[in-house]
Amino acid sequence: MRQSQLFTKTIRKAPRDEKSINSRLLIKAGFINKLMAGAYSYLPLGFRVLKRIENIIREEMNGILGQEILLPALHPRSSWEVTRRWKEQIMFKLKTRGKKDYGLGWTHEEIITPLVKTFVQSYKDLPVYVYQIQDKFRDELRVKSGLLRGVEFIMKDLYSFHQDEKDLDRYYEKVKGAYSRIFKRCKIGRQTFLTLASGGSFSKYSHEFQTITPYGEDLIYLCKKCKLAVNKEIIKEQKYKCPKCKSKKLETKKTVEVGNIFKLKDRFSKAFNLKFKDRNGKEKMVLMGSYGIGLSRLLGAIVEVNHDKKGIIWSEETTPFQAHLICLKDSLKTRKTAEKLYQDLSKKGFDLLYDDRKDKSPGKKFADCDLIGIPIRLVVSEKTLKKNSIEVKKRREDKIKLIKITDLSKFLKKIV
Ligand code: ATP
Ligand code: MG
């Protein structure tokens, strides 16, 4: 894509009311735009990143046999009366012509459980794994951390349905693995900890995936001795001792919860009377698990973890473009070569952002390039052309390399 055609521009200063690193950088670089507190638009660059994250998640969900669906975001009050969750403050309720009939989905157990019930009668119909990627709405009290907490945000929610606890436990472990791979592929793996959390009233424990960032609103306790991570509730219950090795040497870290996995057991199947007949014809409750990842929050967390003073640093798997080709405006020959290079590489299937802007100084182009954060920078200038080369630099490194134009596509294939 030609940068001259991009309808957005980089912004010199982030809005004063944006305090978090993720929203400041993403707004400055032109990835997102704020509509109101907790609601952001995804602009071409941001939308591309979002789709790439979505793809990583989709691959990993399909890898554990999840079947993708899309449920309505608008729900009837009656579904939520069944579980007595209509009264929850977090739910946006819509007044329609005087009546309060609808609510906006903030999670989907109330919708998926009766849906699955229409197809599950026997043990032969189980297990079922379904997921969706969709907007959720939550009337959150405080929204001040950019994409980390929205009133409208994108979530992947997976639900699993099983005949017994053994099968639920087995799948729960599989989801754990898939989640770890997702966070690793998003390059927040080293900062993300599988954290023991309490399971509320349904089961003893659940797990949160917590990413260390200064703008996180959660706190985790890391055991210095055995490296176990636990959340606030658990550590209080355990009287500030590690539940595993009983050590008192704990480190606290500010974090954001990027994912959550939860054994719901029969909480929702009981409410909706979701039963199945086992091998012996005996009726039993279906057991459920639910597993969420906030995609918008994940995008924000990636930026919180991967940036420097100059801007964002995307990884190969999350970047909006594979490389950023910059043409310095010094001569006609430079421009012609850059133009040809852009067309040739695009034909070969490389997805490039091409800075063809004629009215921008080299300094502005380099600054924008660092701010946007595409992992590879390619520069064509009179100087590089004297050596029939172009200059290659990785966003994460300072090292600059000259590569012969004739070798460029081979070289790129190796590194993108
Ligand atoms: P938190 O404690 O941060 O409010 P939660 O326990 O309410 O999170 P879940 O209901 O488990 O979150 O939702 C699943 C996932 O959705 C979370 O792990 C998180 O990644 C994401 N998420 C939850 N609330 C928000 C929000 N307001 N904005 C963006 N993402 C969110
Ligand atoms: Mg919450």
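Residues numbered from 1 in each chain as written. Chains lettered and ligands numbered in written order. Predicted model: local features only at pLDDT ≥ 70, side-chain atom pairs only at ≥ 80, totals over all residues. Heavy atoms only, no water.

A.B. asks: Can you walk me through the domain arrangement of the chain in this structure?
C.D. replies: By a widely used convention, the size of an interface equals the accessible area lost when the partners come together. In terms of domains, the chain is made up of domain 1 (3–308) and domain 2 (323–415). Facing 11 residues of domain 1, the contacting portion of domain 2 comprises 13 residues. Across the domain 1 to domain 2 interface the summed buried area is about 1,100 Å²; carbon plus sulfur atoms make up 50%. For domain 1, the biggest contributors to the area lost against domain 2 are Gln-3, Ser-4 and Thr-10; these three give 51% of the whole. Taken together, the connections running from domain 1 to domain 2 amount to 2 salt bridges. The salt bridge partner of Asp-351 is Arg-48, with a shortest N-O separation of 2.7 Å. Linking domain 1 with domain 2 are 9 residue pairs in polar contact (both at pLDDT 80 or more). Only α1 (21–28) and α2 (44–63) provide two or more residues apiece to the side of domain 1 that touches domain 2. Taken together, the residues that form the side of domain 1 that touches domain 2 break down as 4 nonpolar, 4 polar and 3 charged. (Domains from an automatic or database assignment. Contact = heavy atoms within 4.5 Å. Buried area = accessible area lost by both parts, 1.4 Å probe. Salt bridge = Lys/Arg side-chain N within 4 Å of Asp/Glu carboxyl O. Polar contact = N/O pair within 3.5 Å; in protein donor to acceptor, adjacent residues only side chain to side chain. Helix = DSSP H or I, 4+ residues; strand = E, 2+ residues; numbered from the N terminus. Nonpolar A, V, L, I, M, F, W, Y, C, P; charged D, E, K, R; others polar.)

A.B. asks: Please clarify how the site of ligand 1 should be interpreted in this entry.
C.D. replies: Around ligand 1, the surrounding shell holds 13 residues, and the nearest of these are Arg-138, Glu-140, Arg-149, Gly-150 and Glu-257. In this structure, Arg-149 approaches ligand 1 through a side-chain N or O atom, which is 2.9 Å from an oxygen atom. With the chains in place, 81% of the 590 Å² that ligand 1 exposes on its own is no longer accessible. Structurally, ligand 1 is housed in the largest pocket. Secondary-structure elements contributing two or more residues to the shell around ligand 1 are β8 (152–162) and β13 (250–265). Considering each element in turn, the shell around ligand 1 owes the most residues, 4 residues, to β13. (Near = heavy atom within 4 Å. Areas by Shrake-Rupley, 256 points an atom, 1.4 Å probe, with all protein chains shown as cover. 1 Å grid on protein atoms, 1.4 Å probe; cavity = no way out; pocket = protein on both sides within 12 Å on 5 of 7 lines; lining within 4 Å. Sits in = over half its atoms within 2 Å of the grid points.)

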